[in-house]
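Tertiary structure, described
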There are 2 protein chains.
Amino acid sequence: MKAELMEIGIKAKEAAGKMALLETNKKNEVLNCVAKNLIKDAKTLIAENAKDMEAGKANGMPEGLLDRLLLTEKRIEQMAEGLEQVAALDDPIGEVLSMKKRPNGLRIGQKRVPLGVVGIIYEARPNVTADAFGLCFKTGNAVILKGGSDALHSNIAIVASIRRTLAECGVDENAIALIEDTSRETTTEFMKMNGYVDVLIPRGGAGLIRAVVENATVPVIETGTGNCHIYVDESADLDMAVNIIFNAKTQRIGVCNACESLVVHENIKDALLPKLAERLKEKNVEMRGDKASQEACSDIIPASDEDWGKEYLDYILSIKTVKSTAEAITHIKRYNTGHSEAIITENYTNAEKFLDEVDAAAVYVNASTRFTDGFEFGFGAEIGISTQKLHARGPMGLEALTSTKYIIYGNGQIRP
Amino acid sequence: MKAELMEIGIKAKEAAGKMALLETNKKNEVLNCVAKNLIKDAKTLIAENAKDMEAGKANGMPEGLLDRLLLTEKRIEQMAEGLEQVAALDDPIGEVLSMKKRPNGLRIGQKRVPLGVVGIIYEARPNVTADAFGLCFKTGNAVILKGGSDALHSNIAIVASIRRTLAECGVDENAIALIEDTSRETTTEFMKMNGYVDVLIPRGGAGLIRAVVENATVPVIETGTGNCHIYVDESADLDMAVNIIFNAKTQRIGVCNACESLVVHENIKDALLPKLAERLKEKNVEMRGDKASQEACSDIIPASDEDWGKEYLDYILSIKTVKSTAEAITHIKRYNTGHSEAIITENYTNAEKFLDEVDAAAVYVNASTRFTDGFEFGFGAEIGISTQKLHARGPMGLEALTSTKYIIYGNGQIRP
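Residues numbered from 1 in each chain as written. Chains lettered and ligands numbered in written order. Predicted model: local features only at pLDDT ≥ 70, side-chain atom pairs only at ≥ 80, totals over all residues. Heavy atoms only, no water.

Another aspect to go through is the overall build of chain A. Counting secondary structure elements, chain A contains 14 helices and 16 strands. For 416 residues, the compact-globule estimate of 2.2 N^0.38 gives 22 Å, and the C-alpha radius of gyration of chain A, at 24 Å, lies within 12% of that figure. In terms of its C-alpha atoms, chain A occupies a principal-axis envelope of roughly 70 × 70 × 35 Å. The 416 residues of chain A split such that 56% are buried. A separation of at least 24 residues holds for 71% of the contacts in chain A among residues at least 6 apart in sequence. (Helix = DSSP H or I, 4+ residues; strand = E, 2+ residues; numbered from the N terminus. Rg over C-alpha atoms; globule rule 2.2 N^0.38 Å. Buried < 20%, exposed > 50% of the residue type's maximum accessible area, 1.4 Å probe, protein only. Contact = heavy atoms within 4.5 Å.)

As structure tokens, then:
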């Protein structure tokens, strides 16, 4: 391993040991100070960000990415507010989840503890730098960040501001570290820092996540892409269906919990699809469907087989007609990415069948898939949305950044 | 991926979908039938096992491993009993962990569901074949097994018996599959079956576990080695200390929760160590210690620096003297493997400090480390002991083989 990386790892591990023992009051005080100082340092942050923006423009970075990269005074204020909100949340660390007494008198409890060192690999979004720090710090973890090279100046400035505040508050500044060498080689080494890094969370597009899953030997929490479906059952309230589909498809298109594919019971396709097409026209949504759906609505253009597996992240919706809830579930099972799936129905049995049989992080009856989100679920924070089944599944709040340890109180017990 | 492996993966995934929906009564009935039929098939199993035993002897397999490989009528009965015990446990699947109502009226609950397809990689212990099946089946998972080549005939026979019973009970026999090609190449491919296998659990020695952690792209639950310490504080009840150390060191030496290293406060070393040496002589335990410990007891031979990090799995104990609980914790932090650590003390503050600051799956006050075990913890079963921090930490019972999904009941909610 490269010496710089090793050094970051050793220091982060040492800092993690101290973070685990910080009292909640102290952690909250520090988070509020970090927030204040980020606003104080706004001019420096914006100046450093300007270098990234300039380079981005020179390299032909697309408009959308430039916008994500940009720091303004308002955005820095939002970063600070995010940290203050995290300070206001309950601290999960130290809670004992249960304490049971065994027949031999041993008392065994399960105590919530930090994970240790959390590694975050992300793209050119400088706000993630402060967000990830806030969530990891509140849960007593140290964090090592590897941001995109396009945001390097911005990230260095943000991390420097945070480290300065930590030192001012008398806390080990190595609770946050940034890997400044953004080469692929170093990034791959970072993914193999077993013994130094306890978990890696990639945040970004499908390519980034795949690269982390394929290369990491450190445990990864996969956050993921969403090919989310809405199935409209024959018993559905059609106005409700149109409302929910419109919301899930168009409220925000570039997100993982947006609806990408509609599945429709053939008995209501003639009643639903023209009505839906009318509504989706407000946002110029392109509808690509199978034959049966095209017969029901002339606005629908033919879908190819490739459409069923696509996460468009665009004003496009694929449409598949089915003969039953069972067929809908089979279709969804084949093409979904384990993110968010919804049924619109008034039928009790079909609702429960869908909830039971569809295998995804979040399964809805009569609601928009757009609710799959840590804030909407009431966690007060979100480090990402897990689409894997281990450790955390669905929106991840503070608890997803914790582990447990068994604490056992005895009075001399030995094993017979 | 090899065609055979792919086929196993596809079939297991399909079977997992069905297993997830089996009612508890049916699962229990099947487990009891599998148990009965294993006993019925005992002659065949023993005959096939004899082939493995013969080859093992011819290849010079050590006595201890030969013993682990051996199947007898009694051992087959124990395998069957294990399955019946699992049948008698509560089924965790389907439980809704909480159901909260959000301000917009959405009701959001977290439901326990199977992981899907569990992969187990293990060595030449045929009893693991039936054990792992039982735990995975009870939790609605399909299981793909990759056992050691030395036990191949035994494993094929056990899996064939189980699959026959599944078919007889009208259940998809692909709920269990054995990878018969035990080549390294195929094993490595098995570790990369993302999309088919949801989690890999290696069961075996340190080399096997390291190979899985380093090669797998599928999420791994690391079960681990234990360099377990007992720290005897100056306030300890010395008779209790001797009893606990004797138990933790000698009750069974080849296991991960055995004590490998003793840490002693210098103020009680003279009182404790000769007493302990006397007791450990019953089992001819070799004591390797630092200078200060040697001064306290002439039976102690010098330890080298390598000793502190060693998991002996033998009648050997390393001994380190310290000046304080803080120094003991620092020593343990440096050398422990995150398994089980104990303090023997009558001092409240030191007990709580040790519980707080030692980072391990199980931390004890005044009890033997040998209790770190799914049965001793009251889980009624154990698939292994996790020494990692993600998903499961410490002894893993049925719940460790489950995931959750959010189920959301709405009445038309859309995201504003």
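So, about the interface of chain A and chain B. Frequently, the measure chosen for interface size is the accessible area removed from exposure when the parts meet. Taken together, the contacts link 69 residues of chain A with 68 residues of chain B. Summed over the three residues of chain A that lose the most area to chain B, namely A:Leu390, A:Tyr406 and A:Arg415, the buried surface amounts to 15% of that side. Counting across the interface, chain A meets chain B through 6 salt bridges. Put simply, B:Asp373 and A:Arg415 hold a salt bridge, and the shortest N to O gap is 3.6 Å. Here chain A and chain B share 43 residue pairs in polar contact (both at pLDDT 80 or more) between them. Elements that contribute at least two residues to the side of chain A that touches chain B include exactly strand S2 (107-114), helix H9 (206-215), helix H10 (238-250), helix H14 (348-357), strand S13 (362-367), strand S15 (394-396) and strand S16 (402-413) of chain A. Partitioned by chemical class, the residues of the side of chain A that touches chain B number 35 nonpolar, 20 polar and 14 charged. Sheet topology note: the S13(A)/strand S16 (residues 402-413) of chain B ladder contains 5 bridges and is parallel. (Buried area = accessible area lost by both parts, 1.4 Å probe. Salt bridge = Lys/Arg side-chain N within 4 Å of Asp/Glu carboxyl O. Polar contact = N/O pair within 3.5 Å; in protein donor to acceptor, adjacent residues only side chain to side chain. Nonpolar A, V, L, I, M, F, W, Y, C, P; charged D, E, K, R; others polar. Pairing = 2+ DSSP bridges.)

What follows deals with the UniProt feature "domain: Aldehyde dehydrogenase" (unreviewed entry) in chain A. Residue and element names in this part refer to chain A. What UniProt calls "domain: Aldehyde dehydrogenase" (unreviewed entry) maps, in this numbering, to residues 11-290 and 316-378. Split by type, residues 11-290 is 49% helix and 18% strand. Its first and last C-alpha atoms lie 57 Å apart. The straight-line gap between the two end C-alpha atoms of residues 316-378 is 30 Å; of that span, 33% is helix and 29% is strand. (UniProt positions renumbered as here; feature names shortened; annotations may be inferred.)

Time to look at the relation of the copies chain A and chain B. For the match of chain A to chain B, the screw axis carries a shift of 0.0 Å, the RMSD comes to 0.0 Å, and the turn is 180°. What we have between these two chains is a two-fold relation. For chain A, the minimum C-alpha distance to the rotation axis belongs to A:His391 and amounts to 1.8 Å. Taken as a fraction of all interface residues of chain A, those also at the interface in chain B reach 99%, which identifies the copy contact as same-surface. (Least-squares fit on C-alpha atoms with pLDDT ≥ 70 in both.)

Another point: the side chain of A:Lys27. Residue and element names in this part refer to chain A. By the secondary structure assignment, Lys27 is in helix H2 (residues 24-40). A polar atom in the side chain of Lys27 sits 2.9 Å from the side chain of Asp91. Among residues more than four places away in sequence, those in contact with Lys27 are Leu22, Asp91, Ile93, Phe137, Lys138, Thr139 and Gly140.

Residues and elements named next belong to chain B. A cluster of nonpolar side chains, contributed by Met1, Met6 and Ile10, occupies part of the molecular surface with about 260 Å² of accessible area. By the secondary structure assignment, Ile10 is in helix H1 (residues 3-19). Exposure remark for Ile10: the relative accessible area of 42% places this residue in the partly exposed category. (Patch = residues over 30% accessible without salt bridge, like charges linked within 9 Å, V, L, I, M, F, W, Y side chains within 5 Å. Areas by Shrake-Rupley, 256 points an atom, 1.4 Å probe, with all protein chains shown as cover.)

Residue and element names in this part refer to chain A. One can describe the packing of helix H3 (residues 42-58) onto helix H7 (residues 152-168) by two numbers: an axis separation of 7 Å at closest approach and a directional angle of 160°. Comparing the axis directions of H3 and H7 gives the class roughly antiparallel. The handedness of the crossing between H3 and H7 is right-handed. When H3 is examined against H7, the residues Leu45, Glu48, Asn49, Lys51 and Asp52 are found in contact with a partner set consisting of Leu152, His153, Ser154, Ala157 and Ile158. (Axes fitted to C-alpha atoms, helices over the stretch in contact; angles between N-to-C directions. Parallel < 35°, antiparallel > 145°, perpendicular 65-115°, else oblique. Left-handed = near helix turned anticlockwise from the far one by under 90°.)

Residues and elements named next belong to chain A. With 17 residues, H3 ought to run about 24 Å at 1.5 Å a step, and its terminal C-alpha atoms sit 24 Å apart, in line with that. Among the residues making up H3, those that are buried are Ala42, Leu45, Glu48, Asn49, Asp52, Met53 and Gly56. Mapping the buried residues of H3 onto a view down its axis gives an arc of 155°, with all of them on the same face. Of the residues in H3, the exposed ones pointing more than 90 degrees away from the buried face are Lys43, Glu54, Lys57 and Ala58. Two residues or fewer after H3 comes Gly60, characterised by a positive phi angle close to 75°. (Expected span 1.5 Å × (residues − 1). Arc of directions from axis to C-beta.)

Looking now at the sheet that holds strand S3 (residues 117-122) of chain B. Residues and elements named next belong to chain B. Spatial ordering of the open sheet is given by S5-S4-S3-S6, a layout of 4 strands whose pairing is parallel. Each end of this open sheet is capped by a strand with a single partner; those strands are strand S5 (176-178) and strand S6 (199-203). In this sheet, adjacent strand axes meet at a mean angle of 20° when their direction is disregarded. Relative to S5, strand S4 (residues 142-146) is paired through 3 bridges, and the arrangement is parallel. Within the sheet, the bridge partner assigned to Val143 lies in S5 and is Ile176. The sheet strands contacting helix H7 (residues 152-168) are S3, S4 and S5, and the helix crosses S5 at an angle near 155°. Its contacts with the sheet put helix H9 (residues 206-215) on S3 and S6, and the angle it makes with S6 is roughly 160°.

All names here are of chain B. Orientation of helix H13 (residues 325-335) relative to helix H14 (residues 348-357), taken along the N-to-C sense of each, is 20°, at an axis distance of 11 Å. Judged by the inter-axis angle, H13 sits roughly parallel to H14. The handedness of the crossing between H13 and H14 is right-handed. Contacts between H13 and H14 involve Thr325, Ala326, Ile329, Ile332 and Lys333 from the first element and Asn350, Lys353, Phe354 and Glu357 from the second. Here the contact of H13 with H14 is built from residues that sort into 4 nonpolar, 2 polar and 3 charged.

What follows deals with the environment of A:Val242. All names here are of chain A. Within the secondary structure layout, Val242 lies in helix H10. Linking Val242 and Glu278, residues 36 residues apart in sequence, is a C-alpha distance of 9.7 Å. Ignoring sequence-local partners within four residues, the contact set of Val242 consists of Leu272, Lys275, Leu276 and Arg279.

Looking now at the pattern of salt bridges. Summed over the entire model, instances satisfying the criterion amount to 56 salt bridges over all chains. The salt bridge partner of A:Arg279 is A:Glu282, with a shortest N-O separation of 3.2 Å. A salt bridge links B:Lys281 to B:Asp299, with the nearest nitrogen and oxygen atoms 3.3 Å apart. In this pair, B:Lys281 is assigned in the loop between helix H11 (269-280) and strand S9 (286-289) and B:Asp299 in the loop between helix H12 (291-296) and strand S10 (301-302), connecting sequence segments 18 residues apart.

As assigned here, chain A comprises domain 1 (3-222 + 392-409) and domain 2 (228-371). Taking the mean C-alpha position of each, domain 1 of chain A and domain 2 of chain A sit 36 Å from one another. (Domains from an automatic or database assignment.)

This paragraph deals with unusual backbone geometry. At A:Asn284, a position not held by glycine, the phi torsion is positive, near 50°. In this fold, A:Asn284 is placed in the loop between helix H11 (269-280) and strand S9 (286-289). Although it is not a glycine, B:Leu313 adopts a positive phi angle of roughly 55°. Of note, B:Leu313 is situated in the loop between S10 and strand S11 (316-322).

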